[in-house]
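This is what each chain is made of:
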Amino acid sequence: MSDQILPKESKSYWRAANDLPLFPKVNDNIETDIVIVGAGLTGITAAYLLSSSGRKVIVVEGSRILVGTTGFTTAKVTAQHGPIYQQLITTFGEEKARLYYDANTEAKEFIKQTIEQLGIHCDYETMSAYIYADTEVGIEKVEKEMEAYNTLGIEGALTKDTGLPYTVKQALKLEDQGQFHPIKYAKALMDKAIENGVQFFEESRAKTIKSNTVELMEGQLIRANKVLVCSHFPFNDGDGLYFARMHSERSYALASIAPSNYPKGMYINVEKPTRSVRTALGNDGKRYLIIGGEGHVTGRFEGDTNENYENLAAFGREQFKVKNYDYRWSAQDLVTLDQLPYVGEMTAGKSDVLVATGYAKWGMTNSTMAARIMTDLVLERDNRYIELYNPARSKLKKEDITSFAKTNASVAKELVKGKTELVDLKLEDIQSGSGDIIMMDGKKVGAYKDDQGKVYLVKPACTHMGCNVSFNNAESSWDCPCHGSRFSYKGDVLEGPAFEPLEKVEYVD
């Protein structure tokens, strides 16, 4: 370990010592029964479930397999998704709120049983989950959530005895939840799917879908009877206007050697800023403490995004006496209008193209249930959760309309702001290892200067819908504040919905 508190490079704890095999690119046109676009936990679980169906299944990934959200999660396997059930009762009613709990509990049990059946070594541990309050307002929220638990028949309990090394004012405990190593688990499912005949491809980014044919960026065509869009943000988001029905958020995490009095559960507070806490048993036999939080809408952060890591580090120092951190990373999550994922037919009445997206930071159980729903739709089997997750919810709720208006008003504001905001920075103002929007020859240009002083210039207009991107110093990326597309400092696509890179600008020294 170096003496610095935070690692210089962003690196996920889950990705640190788990090398994954390389897979080929798609080089020719392909015909198959089922194509799954996206090889995160949703796509891999769906491939595993469909691999014994007798259908020919292929999975294509735009970058490397498991370098997206699955590799950057906190990996809590729980049906306690923050104080959500009071909100679900208000929005959907008691029956559907309970159905959501059942769906995620069933997904948790599926994960646990699959680990046992396949003998997967993925550090699964049964833990109690806690939501807790630090303020009087937070106490009220926790107690209302307890009322929701009672209404729905969820066996939770109020307590102040959490096992945390600091005092909380109130907490709601849910027993028999779980945590695991997501990459080890996903890799085992992938290996089993491959054993059953599934083919995986990477560095093969999808561009469009037309008549059940997926066109890749380099022109190859994949014709299939069924297309499962599991690419986090749907790359074909115009089908169903998904860009207008979700927003993206980034959140941050740190991992360090756990203190001797490490807590024995999984925790998240109900106030802002979010503080998420869990531990993990490392490959080196040591216990690690993982602290997460500091979420904000992608591309919208006033100041240096490194402040988010610094705030988490300060929390760890104050509450756990942690001085140094071994890993830091951030993740991107998608939040729907009513907080429930969209899983099912991409657009109503077109049963051959399915989508799964919008897990709102609770992707371990939601992705598993999404894969099961899509599998049952493909195989024409009943699933009692199909209506709950249906992207074309049968009733447009008041909350949806309010959320839709708020989400799209903020997008419009960012679009105008990016085009009209004055910029007074010049290239010489950019420090090594950082980037920003500058003026060059009377035009706005995105500029990044690496540690050696090499300059990379791009046009700052997102290739999705033209919003101006902003620079994320913590991850050295260009992030779109409108719909969450992300690009490397060179302009290459990191996150959709954009699939075209930022246009490069020639730099003449």
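Above this text you will find the structure in question.
Criteria and thresholds
Residues numbered from 1 in each chain as written. Predicted model: local features only at pLDDT ≥ 70, side-chain atom pairs only at ≥ 80, totals over all residues. Heavy atoms only, no water. Phe/Tyr/Trp six-rings, centres within 6.5 Å; stacked < 30°, edge-to-face > 60°. Helix = DSSP H or I, 4+ residues; strand = E, 2+ residues; numbered from the N terminus. Buried < 20%, exposed > 50% of the residue type's maximum accessible area, 1.4 Å probe, protein only. Lys NZ or Arg CZ within 6 Å of the ring centre and 35° of its normal. Pairing = 2+ DSSP bridges. Axes fitted to C-alpha atoms, helices over the stretch in contact; angles between N-to-C directions. Core = buried A, V, L, I, M, F, W, Y, C linked by side-chain atoms within 4.5 Å. Contact = heavy atoms within 4.5 Å. Parallel < 35°, antiparallel > 145°, perpendicular 65-115°, else oblique. Left-handed = near helix turned anticlockwise from the far one by under 90°. Nonpolar A, V, L, I, M, F, W, Y, C, P; charged D, E, K, R; others polar. Disulfide = S-S within 2.5 Å. Polar contact = N/O pair within 3.5 Å; in protein donor to acceptor, adjacent residues only side chain to side chain.

Peer 1: I'd like to hear about the packing of aromatic side chains, residue by residue, with values.
Peer 2: Scanning the entire structure with this criterion turns up 22 aromatic pairs. Measuring from ring centre to ring centre gives 6.2 Å for Tyr85 and Tyr100, while their planes differ by 55°; the resulting arrangement is tilted. Of this pair, Tyr85 sits in helix H2 (residues 85-92) while Tyr100 sits in helix H3 (residues 94-118); the two residues are 15 residues apart in sequence, bridging distant segments of the chain. Ring plane angle 80° and centroid distance 6.0 Å describe the contact between Tyr85 and Tyr149, whose orientation is recorded as edge-to-face. Residue Tyr85 is found in helix H2, and its partner Tyr149 is found in helix H4 (residues 136-152); the two are separated by 64 residues along the sequence. With respect to burial, Tyr85 and Tyr149 carry one shared label: buried. Linked through ring pairs, Tyr85, Tyr100, Tyr101, Tyr149 and Tyr389 together constitute an aromatic cluster. If you follow Arg245 out to its NZ or CZ, it ends over the ring of Tyr342, 4.4 Å from the centre. Positioned above the aromatic ring of Phe315, the side-chain terminus of Arg275 is 5.4 Å from the ring centre.

Peer 1: Describe the sheet that holds strand S20 (residues 455-458), naming the residues involved and giving the relevant values.
Peer 2: The strand order across the open sheet formed by 4 strands is S18-S19-S20-S25, and the pairing between neighbours is antiparallel. Edge strands, defined here as strands with exactly one partner in the open sheet, are strand S18 (434-440) and strand S25 (504-505). Here strand S19 (residues 443-449) runs beside S20; their pairing, made up of 4 bridges, is antiparallel. Residue Tyr448 lies in a different strand from S20, and its bridge partner there is Tyr456.

Peer 1: Describe the sheet that holds strand S22 (residues 477-479), with residues and values.
Peer 2: Spatially, the 4 strands line up as an open sheet ordered S21-S22-S23-S24, and their pairing is antiparallel. The open sheet is flanked by strand S21 (470-472) and strand S24 (493-495), the only strands paired with a single partner. Each adjacent strand pair in this sheet contributes to an overall mean axis angle of 35°, direction not counted.

Peer 1: How would you explain the nonpolar core if you had to name every residue and give the values?
Peer 2: The biggest cluster of nonpolar side chains holds 84 residues, and the ones touching the most others in it are Ile36, Tyr85, Tyr185, Phe200 and Leu228. Residue contributions to this core peak at 9 residues, all from H3. The contacts of Ile36, once residues within four sequence positions are left out, are Gly43, Ala46, Ala47, Leu50, Val57, Ile58, Val59, Val60, Leu228 and Cys230. Membership of the second largest hydrophobic core comes to 27 residues, among which are Ala224, Tyr242, Phe243 and Met346.

Peer 1: I'd like a rundown of the packing of H2 against H3, residues and numbers included.
Peer 2: Where H2 meets H3, the closest approach of the two axes is 7 Å, and the angle between their N-to-C directions is 140°. Put simply, H2 runs oblique to H3. Two packed elements cross with a definite hand, and for H2 against H3 that hand is right-handed. Contacts between H2 and H3 involve Tyr85, Leu88, Ile89 and Phe92 from the former and Glu94, Lys96, Ala97, Tyr100 and Tyr101 from the latter. Among the residues forming the contact of H2 with H3, the class breakdown is 7 nonpolar, no polar and 2 charged.

Peer 1: Report on the state of the cysteines, specifying residues and quantitative values.
Peer 2: Considering all chains together, one arrives at 1 disulfide under this definition. At a sulfur-sulfur separation of 2.1 Å, the disulfide partner of Cys467 is Cys482. On the sign convention where negative means left-handed, the S-S torsion of about -95° between Cys467 and Cys482 marks this disulfide as left-handed. One end of the pair, Cys467, is in the loop between S20 and S21; the other, Cys482, is in the loop between S22 and strand S23 (486-488), and 15 residues separate them in sequence. As far as burial versus exposure is concerned, Cys467 and Cys482 are alike and both buried. The structure places no disulfide on Cys462, whose sulfur is separated from the nearest cysteine sulfur, that of Cys480, by 3.9 Å. Looking at Cys462, the relative accessible area reads 4%, which means it is buried. Relative accessible area serves as the criterion here: at 2%, Cys480 is assigned to the buried category.

Peer 1: Let's hear about the side chain of Ser485: which residues, and what values?
Peer 2: Following the sequence through the fold, Ser485 ends up in the loop between S22 and S23. Look at Ser485 and you get buried, because its relative accessible area is 1%. A distance of 3.0 Å separates the side chain of Ser485 from the backbone nitrogen of Ala498, its partner in a polar contact. Setting aside chain neighbours within four positions, we find Ser485 in contact with Cys462, His464, Trp478, Asp479, Cys480, Glu495, Gly496, Pro497 and Ala498.

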